[in-house]
Amino acid sequence: MSVPYEATGRTGQKSRTRQALVESARKLLAEGLTPRVEDAAADAGISRTTAYRYFTNQRALLLAAQPQIQPDSLLGPDAPTDPRARLDAFMRAFAEYNREWEQQLRSALRLSLEARPERPLLRRGRAIMWIEDALAPLELTHPAVDRRALAVAIRSATGIETLIWLLDIAGQSWAQAAETVRRTARALLEAALHEHPEQ
């Protein structure tokens, strides 16, 4: 069984080199580029040969450059408890998250659309967990609502894929796109509340 290059000798230095390549990839992604391993190496001032010891191909580099922020919630401790206001607050935070990581998420979407045996990068369910957290008050006010199913519906209509379509195809600004997905999420919530009145 082979030992990964980074796990042998001078691991501290290797960790710093790897992080420098990842940071360069993130910087290039933020500039609207889709960096190859050699592009990140050049930007970081690292030789191409060395860079390929860490990332054997572009896909491995781009996967490493994806956002690593994985909080349990995008809402703060003072988030509203009213279901409508809470979902609105979440959607504003979710749109801002997508805006901050737009280029990395676009890259992740491209990778997810490639035919690969492993699970696509954008299908990890993190956003669904966040939406379920935003819908938590429904457990008390509308227990008949299937929060998981509602979270999946909201995610399907408001994620980075939708935002890219609104920006690139519909020609909306970020503010307009954020408002569109907020209103879509609210409409889905209202439909669920209408179907299962407060108890």
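Residues numbered from 1 in each chain as written. Predicted model: local features only at pLDDT ≥ 70, side-chain atom pairs only at ≥ 80, totals over all residues. Heavy atoms only, no water.

Chemist: Go over helix α7 (residues 126-134) with me, naming the residues and quoting the values.
Modeler: Residues of α7 that are buried include every one of Ala 127, Ile 128, Trp 130, Ile 131 and Ala 134, and no others. Around the axis of α7, the buried residues are gathered within 160 degrees of arc, so they sit on the same side. In the core, the buried residues of α7 are packed alongside α5 (83-100) and α9 (147-158). (Buried < 20%, exposed > 50% of the residue type's maximum accessible area, 1.4 Å probe, protein only. Helix = DSSP H or I, 4+ residues; strand = E, 2+ residues; numbered from the N terminus. Arc of directions from axis to C-beta. Contact = heavy atoms within 4.5 Å.)

Chemist: Go over the side chain of Arg 86 with me, naming the residues and quoting the values.
Modeler: Tracing the chain through its elements places Arg 86 in helix α5. Using a relative accessible area of 13% as the deciding quantity, one classes Arg 86 as buried. Every residue in contact with Arg 86, bar those within four places of it in the chain, is listed here: Leu 75, Ala 79, Pro 80, Asp 133, Ala 134 and Pro 137.

Chemist: Could you give me a rundown of the nonpolar core, with the residues and numbers involved?
Modeler: Formed by 35 residues in total, the largest nonpolar core has its most connected members in Leu 87, Phe 90, Met 91, Leu 135, Leu 150 and Ile 154. Those elements that place two or more of their residues in this core are α5, α6 (102-113), α7, α9, α10 (160-169) and α11 (174-195). Discounting residues that sit within four places of it in the chain, Ile 154 has contacts with Leu 87, Met 91, Ile 131, Leu 135, Ala 185 and Leu 188. By size, the runner-up hydrophobic cluster in this structure holds 16 residues, among which are Val 22, Ala 41, Ala 51 and Tyr 54. (Core = buried A, V, L, I, M, F, W, Y, C linked by side-chain atoms within 4.5 Å.)

Chemist: Residues and numbers for the confidence of the model for the protein, please.
Modeler: Close reading of the predicted structure is inappropriate where its pLDDT is low. Model confidence for the protein is summarised by a mean pLDDT of 86, while 87% of its residues fall at 70 or above. Across the protein, the element-wise mean pLDDT spans from 78 in α6 up to 97 in α11. (pLDDT = per-residue confidence, 0-100.)

Chemist: Report on α11, specifying residues and quantitative values.
Modeler: Here α11 spans 32 Å end to end across 22 residues, near enough to the 32 Å set by a 1.5 Å rise per residue. Three or more residues of α11 are buried, namely Trp 174, Ala 177, Val 181, Arg 182, Ala 185, Leu 189, Ala 192 and Leu 193. Seen from one end, α11 has its buried residues packed into an arc of 150 degrees, which puts them on one side. Facing away from the buried side of α11 by more than 90 degrees, the exposed set consists of Ala 175, Arg 183, His 194 and Glu 195. Of the surrounding elements, those touching the buried residues of α11 are α5, α6, α8 (138-141), α9 and α10. (Expected span 1.5 Å × (residues − 1).)

Chemist: Lay out the packing of aromatic side chains with the relevant residues and their values.
Modeler: What the rule picks out here adds up to three aromatic pairs. Ring plane angle 20 degrees and centroid distance 5.3 Å describe the contact between Phe 90 and Phe 94, whose orientation is recorded as stacked. Note that Phe 90 and Phe 94 are positioned in helix α5 at a spacing of four residues, about one turn of the helix. Neither residue differs from the other here; Phe 90 and Phe 94 are each classed as buried. When the centroid spacing of 6.5 Å and the interplanar angle of 75 degrees are considered together, the rings of Phe 94 and Trp 130 count as edge-to-face. On the criterion of sequence distance, the pair formed by Phe 94 in helix α5 and Trp 130 in helix α7 is long-range, its members being 36 residues apart. (Phe/Tyr/Trp six-rings, centres within 6.5 Å; stacked < 30°, edge-to-face > 60°.)

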